[in-house]
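These are the residues of each chain, in order.
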Amino acid sequence: MNPFTEKALILLQSRGVTLDDIVDCVYYLQKPYHVNLQHKDLEESVLRVLDKREVWHALITAIELDVSAEKSTYANKDLEKIVQMDEGLYGMDEVLAYGICNLYGSIAMTNFGFIDKTKYGIVGRLNEDGKKEGVCHTFLDDMVGAIAAAAASRFAHK
Ligand code: MG
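This is a predicted model, so every value here is computed, not measured.

Asker: Quick one: what's the story with the overall build of the protein, residue by residue and with numbers?
Answerer: Assigned secondary structure in the protein consists of nine helices and zero strands. Each helix (α) and strand (β) of the protein, taken in turn from the N terminus, gives the series α-α-α-α-α-α-α-α-α. Its C-alpha atoms give the protein a radius of gyration of 15 Å, within 12% of the compact-globule value 15 Å for 158 residues. Each principal axis of the C-alpha distribution contributes one length, and for the protein these read about 50 × 30 × 25 Å.

Asker: Before we move on, can you summarise the coordination of the magnesium ion with the specific residues and values?
Answerer: Protein coordination of the magnesium ion is provided by Asp93 (OD), Thr138 (O), Asp141 (OD) and Asp142 (OD), with donor distances spanning 2.1 to 2.7 Å. Going along the chain, you hit the donors of the magnesium ion in the pattern D-x44-T-x2-D-D.

Asker: Report on the packing of aromatic side chains, specifying residues and quantitative values.
Answerer: Applying the stated rule across the entire model yields five aromatic pairs. Judged by centre distance (3.9 Å) and plane angle (5°), the rings of Tyr28 and Tyr120 are stacked. Of the two residues, Tyr28 is situated in helix H2 (residues 19-30) and Tyr120 in the loop between helix H7 (105-118) and helix H8 (121-129); the sequence distance between them amounts to 92 residues. By relative accessible area, which is 25% here, Tyr120 ends up partly exposed. Counting every residue linked through ring pairs, the aromatic cluster contains Tyr28, Phe114 and Tyr120.

Asker: Help me get a handle on the state of the cysteines, residues and values and all.
Answerer: Per the counting criterion, the structure on display carries zero disulfides. Sulfur of Cys25: no disulfide; nearest cysteine sulfur belongs to Cys101 and is 13 Å away.

Asker: Tell me about unusual backbone geometry, residues and numbers included.
Answerer: Residues other than glycine seldom take positive phi values, yet Ser72 does so here, at roughly 55°. Looking at the secondary structure, you find Ser72 in the loop between helix H4 (53-71) and helix H5 (77-85). Assessed through its relative accessible area of 36%, Ser72 is described here as partly exposed.

Asker: Residues and numbers for H7, please.
Answerer: Taking 1.5 Å of rise per residue, the 14 residues of H7 would be expected to cover 20 Å, and the 21 Å separating its terminal C-alpha atoms lies within 8% of that figure. Regarding H7, the residues found buried are Ala108, Asn111, Phe112 and Ile115. One face of H7 carries all of its buried residues, which in axial projection span an arc of 105°. Residues of H7 that are exposed and point more than 90 degrees away from the buried face comprise Ser106, Thr110 and Lys117. Packed against the buried residues of H7 are H2, helix H6 (92-101), H8 and helix H9 (140-157). Phi turns positive, to about 50°, at Lys119, one or two residues after H7.

Criteria and cut-off values
Residues numbered from 1 in each chain as written. Predicted model: local features only at pLDDT ≥ 70, side-chain atom pairs only at ≥ 80, totals over all residues. Heavy atoms only, no water. Helix = DSSP H or I, 4+ residues; strand = E, 2+ residues; numbered from the N terminus. Rg over C-alpha atoms; globule rule 2.2 N^0.38 Å. Donors = N, O, S within 2.8 Å, 3.2 Å for Na, K, Ca; no water. Phe/Tyr/Trp six-rings, centres within 6.5 Å; stacked < 30°, edge-to-face > 60°. Buried < 20%, exposed > 50% of the residue type's maximum accessible area, 1.4 Å probe, protein only. Disulfide = S-S within 2.5 Å. Expected span 1.5 Å × (residues − 1). Arc of directions from axis to C-beta. Contact = heavy atoms within 4.5 Å.

Following this line, the structure appears as structure tokens:
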């Protein structure tokens, strides 16, 4: 396994996200377009997205910002409060996720918008858990949505 992929999977796991959770989102996005689609067909696409250095960089940035918000260790307390409260008008969490979608074209972008709205599976669970005291998933839910959207786009193009 590519070193970025392995590190990404470990980091995601440490935040409660498994490979299967992401594959399940890709399945949800691609199911309407294929007959006999299997989860195992999609796993490869998720792993190939996680291979990318750009994705790794987005992921470590996103998770660092969430974890630092949980620990209240931001230097800028205005920003810390915005991230802790997951303020709707902030939008930088989505902007960071677009960085992943942009690697896979407009289908990835559309898929991301869709899963962000429907909050399917792990995306919804992260969003709900993020409302609990001391838990911050402001950036992570968008990362997971973007990785799934990118993997769905990659699969669609094959
Ligand atoms: Mg978010």
